[in-house]
Amino acid sequence: MTSPVTPTFIATDIELIKEADGILAIFVPEAGTLDATAKRANRLSRGAVARLVDSDGFSKLEEGKGKMLAFPINMEAEGVVVIKLSRRPDVSAARKAGATLAKMAGGKPVMALCGNLRRAEEVALGFALRAYDFDDHFTKDSEAPGAVTFMVNDLPKVTEAAEANGAIADGVFFTRDLVNEPANVLTTTEFADRLVALKKLGVAVKVLEEDELEKLGMGSLLCVGQGSVSPSKVVVMEWMGGEKGDAPFALVGKGVVFDTGGISLKPAGGMEDMTMDMGGAGVVAGVMKTLAARKAKSNVVGLVGLVENMPSGNAVRPGDVVTSMKGDTIEVINTDAEGRLVLADVLWYAQEQYKPLGMINLATLTGAIIIGLGHENAGVFSNNDALANAFLKAAGAEEEGAWRMPMGKAYDDQLKSRLADMKNVGGRPAGSITAAQFLERFVKPETPWIHLDIAGVAALKTESDFAPKGATGWGVRALNRLIADNFEEPQG
Ligand code: BES
Ligand code: MN
Ligand code: ZN
């Protein structure tokens, strides 16, 4: 992301409409009634806006979609985008309208005439999320996107709401940048450095290096990175914006900066996608950034295990037995089932260190979850119905797909090993569930816990409503909302 789009807000001034360059946007409800600013655009264009709104094409549009009036007369703008949107849209419709506008404007300057439209700040968030573009590695300077201005009647009220949404966009962009970055750039060290930079926002950041991880007994996590020249690290981020002394909520992320599979090497085709195998850690980082940026009144600690899974003369072998920080021994059957080995130790450390009142881990953990749920839903595995339901509600409100999966003893039995306390794979049946069972062995029964398998949703080959191809930032909005609605003192 070279230059993120940050919408600015100004008070409605009808005189500015004629001179605005690039794209002018207006929002017209189903009934086709024009507000004062749209009427002004209509008069300037000698009725062309009204003719578009009366057309068959416009009446057939879904809410949130738009039509372009090209080269209108009597104004500077090269196009007027007319978007169908109720004057009091819900959050979802408002954000979709913003995303539509971003796509149609294609980087040109935008003046959006919102007048009394409710939720203009949500239109702006939808715009910013969809306008994101990761172009850091093109040598030719791509043109910086034009300024995006939202003209609103009640400027103070919209500005306040827009600030919280700006914090969400910042977090989502942080996640996407990390996930999109190639693995030769985003090494474990570079990843840790980018997290340390959160100190600027008031996050306390601590980096645990290999010698400390060894002292802590993290033999499970450490075996994964032992074949790589990049040192393994655990980064701990504390945002303590709530009551002093209150137990925090914990977020834990899988941060495999590249997953070759190790000695159980993956096939060559598509292996380049494994740069996104740090997606769980990326989401944890993004949520921490959002919480800090909006100064959330909650205590949240984010922990990520950063490793690279490489084959080499030092790499862990299939058949090796390692000892976790918890003390349980693990027979490594498949070195490509490495994410759970990383998380086992970080989950244990999080509970020992913080006694969190709840814990959610995120991981691009299994290919099997993509077979089961495709790219529409993350898998939700939990030992606690109340927490799981609260998460599903938050994800639903943010339209981030999430689907609860079963767990149980019969699945856990698949992890029995011939010579150690467990093995790291449970065979082909129910591969995502046995991975979750493995993690649950490192969760204390008293800790309400969710495991989110985000292998199918962290990055996409096609564009989606709110993101171009590549990293989506799935989960940042849902987790931010979960925390805001359940683990935060009322603001103000
Ligand atoms: N990082 C992969 C899972 C993955 C697959 C993420 C596709 C994103 C897209 C994980 O470490 C892995 O390799 N899992 C194995 C587990 C198996 C060896 C039990 C898998 O899913 O094949
Ligand atoms: Mn793997
Ligand atoms: Zn992996």
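Note that the structure is a prediction, hence the values are computed from the model and not measured.

A. Spotlight on the domain arrangement of the chain. You can read the domains of the chain as domain 1 (8-166) and domain 2 (186-486). Here domain 1 and domain 2 have C-alpha centroids that lie 39 Å from each other. Residue-level contacts link 9 residues of domain 1 with 9 residues of domain 2. Buried area between domain 1 and domain 2, both sides added, is near 970 Å², and the carbon and sulfur share of it is 51%. Joining domain 1 to domain 2, the criterion identifies 4 salt bridges. Close ionic contact of Glu-463 with Arg-130 constitutes a salt bridge, the shortest N to O distance being 2.4 Å. For the pair domain 1 and domain 2, the number of links is 5 residue pairs in polar contact (both at pLDDT 80 or more). With 5 residues, helix α4 (residues 91-105) is the largest single contributor of residues to the side of domain 1 that touches domain 2. Counted by class, the side of domain 1 that touches domain 2 contains 3 nonpolar, 2 polar and 4 charged residues.

B. Looking closely at the coordination of the zinc ion (ligand 3). On the protein side, the zinc ion (ligand 3) has Lys-254 (NZ), Asp-259 (OD), Asp-277 (OD) and Glu-338 (OE) as donor atoms, found 2.0 to 2.4 Å from it. For the zinc ion (ligand 3), the 6 donor atoms in the first shell make angles of 78 to 175 degrees at the metal, a pattern classed as octahedral. Positions of the donor residues of the zinc ion (ligand 3) along the chain correspond to the pattern K-x4-D-x17-D-x60-E. A separation of 3.2 Å is found between the zinc ion (ligand 3) and the manganese ion (ligand 2), both of which receive a donor from Asp-259. Of this pair, Asp-259 sits in strand β9 (residues 249-259) while Asp-277 sits in the loop between β9 and α10 (279-293); the two residues are 18 residues apart in sequence, bridging distant segments of the chain. Each member of the pair, Asp-259 together with Asp-277, is buried.

C. Highlighting a negative patch on the surface. Together, Glu-210, Asp-211, Glu-212 and Glu-214 give the surface a local cluster of negative charge. Note on placement: Glu-214 falls in helix α8 (residues 210-216). Among the residues examined, Glu-214 registers a relative accessible area of 57% and is labelled exposed.

D. Layout of the nonpolar core. Among the nonpolar cores identified, the biggest contains 63 residues, and Met-237, Ile-360 and Phe-391 are the most heavily contacted of them. Ranked by residues supplied to this core, first place goes to α10 with 8 residues. A domain split of this core shows at least three residues from each of domain 1 (8-166) and domain 2 (186-486). Ranked by size, the runner-up nonpolar core spans 41 residues in total, among them Leu-343, Ala-344, Met-359 and Phe-438.

E. Spatial organisation of the packing of α10 against helix α16 (residues 476-486). Relative to each other, α10 and α16 sit at 50 degrees, their axes nearing to 9 Å. On the basis of their axis angle, the class for α10 and α16 is oblique. Crossing hand, α10 versus α16: right-handed. Residues Val-283, Gly-286, Val-287, Thr-290 and Leu-291 of α10 touch α16, and the partners they reach there are Val-476, Leu-479, Asn-480 and Ile-483. When grouped by side-chain class, the residues that make up the contact of α10 with α16 number 6 nonpolar, 3 polar and no charged.

F. Inspection of the coordination of the manganese ion (ligand 2) at higher detail. Summarising the metal site, the manganese ion (ligand 2) is bound by the protein donors Asp-259 (OD), Asp-336 (O), Asp-336 (OD) and Glu-338 (OE), whose distances to it range over 2.0 to 2.2 Å. Taken together, the 6 donor atoms surrounding the manganese ion (ligand 2) define angles of 71 to 169 degrees at the centre, an arrangement classified as irregular. Sequence spacing of the donor residues for the manganese ion (ligand 2), all on one chain, is D-x76-D-x1-E. The buried category is assigned to Asp-259, whose relative accessible area is 2%. When its relative accessible area of 22% is taken as the criterion, Asp-336 is described as partly exposed.

G. Spotlight on the site of ligand 1. In the vicinity of ligand 1 there are 17 residues, among which Lys-266, Asp-277, Asp-336, Glu-338 and Gly-367 approach most closely. One nitrogen or oxygen atom from the side chain of Lys-266 is found 2.8 Å from an oxygen atom belonging to ligand 1. Backbone polar atom of Gly-367 to an oxygen atom of ligand 1: 2.7 Å apart, as the coordinates give it. Its free accessible area being 520 Å², ligand 1 has 77% of it covered by the protein chains. Residue composition of the shell around ligand 1, grouped by class: 6 nonpolar, 4 polar and 7 charged.

H. Looking closely at the pairing of strand β4 (residues 79-84). When you tally the buried positions in β4, you get 6 out of 6 residues, the bulk of the element. In β4, alternate side chains face the same way, and those of Gly-79, Val-81 and Ile-83 on one face and Val-80, Val-82 and Lys-84 on the other are all buried. Pairing geometry for strand β2 (residues 23-28) and β4, over 6 bridges, is parallel. Counterpart to Ile-26 in the pairing with β4 is Val-82. With 5 bridges joining them, strand β3 (residues 66-70) and β4 adopt antiparallel strand pairing. Bridging across to β4, Lys-67 finds its partner in Val-82.

Conventions used here
- Residues numbered from 1 in each chain as written.
- Chains lettered and ligands numbered in written order.
- Predicted model: local features only at pLDDT ≥ 70, side-chain atom pairs only at ≥ 80, totals over all residues.
- Heavy atoms only, no water.
- Domains from an automatic or database assignment.
- Contact = heavy atoms within 4.5 Å.
- Buried area = accessible area lost by both parts, 1.4 Å probe.
- Salt bridge = Lys/Arg side-chain N within 4 Å of Asp/Glu carboxyl O.
- Polar contact = N/O pair within 3.5 Å; in protein donor to acceptor, adjacent residues only side chain to side chain.
- Helix = DSSP H or I, 4+ residues; strand = E, 2+ residues; numbered from the N terminus.
- Nonpolar A, V, L, I, M, F, W, Y, C, P; charged D, E, K, R; others polar.
- Donors = N, O, S within 2.8 Å, 3.2 Å for Na, K, Ca; no water.
- Tetrahedral: all angles 85-135°; square planar, octahedral: opposite > 155°, others 65-115°.
- Buried < 20%, exposed > 50% of the residue type's maximum accessible area, 1.4 Å probe, protein only.
- Patch = residues over 30% accessible without salt bridge, like charges linked within 9 Å, V, L, I, M, F, W, Y side chains within 5 Å.
- Areas by Shrake-Rupley, 256 points an atom, 1.4 Å probe, with all protein chains shown as cover.
- Lys, Arg positive; Asp, Glu negative; His and termini not counted.
- Charge placed at Lys NZ, Arg CZ, Asp CG, Glu CD.
- Core = buried A, V, L, I, M, F, W, Y, C linked by side-chain atoms within 4.5 Å.
- Axes fitted to C-alpha atoms, helices over the stretch in contact; angles between N-to-C directions.
- Parallel < 35°, antiparallel > 145°, perpendicular 65-115°, else oblique.
- Left-handed = near helix turned anticlockwise from the far one by under 90°.
- Near = heavy atom within 4 Å.
- Pairing = 2+ DSSP bridges.

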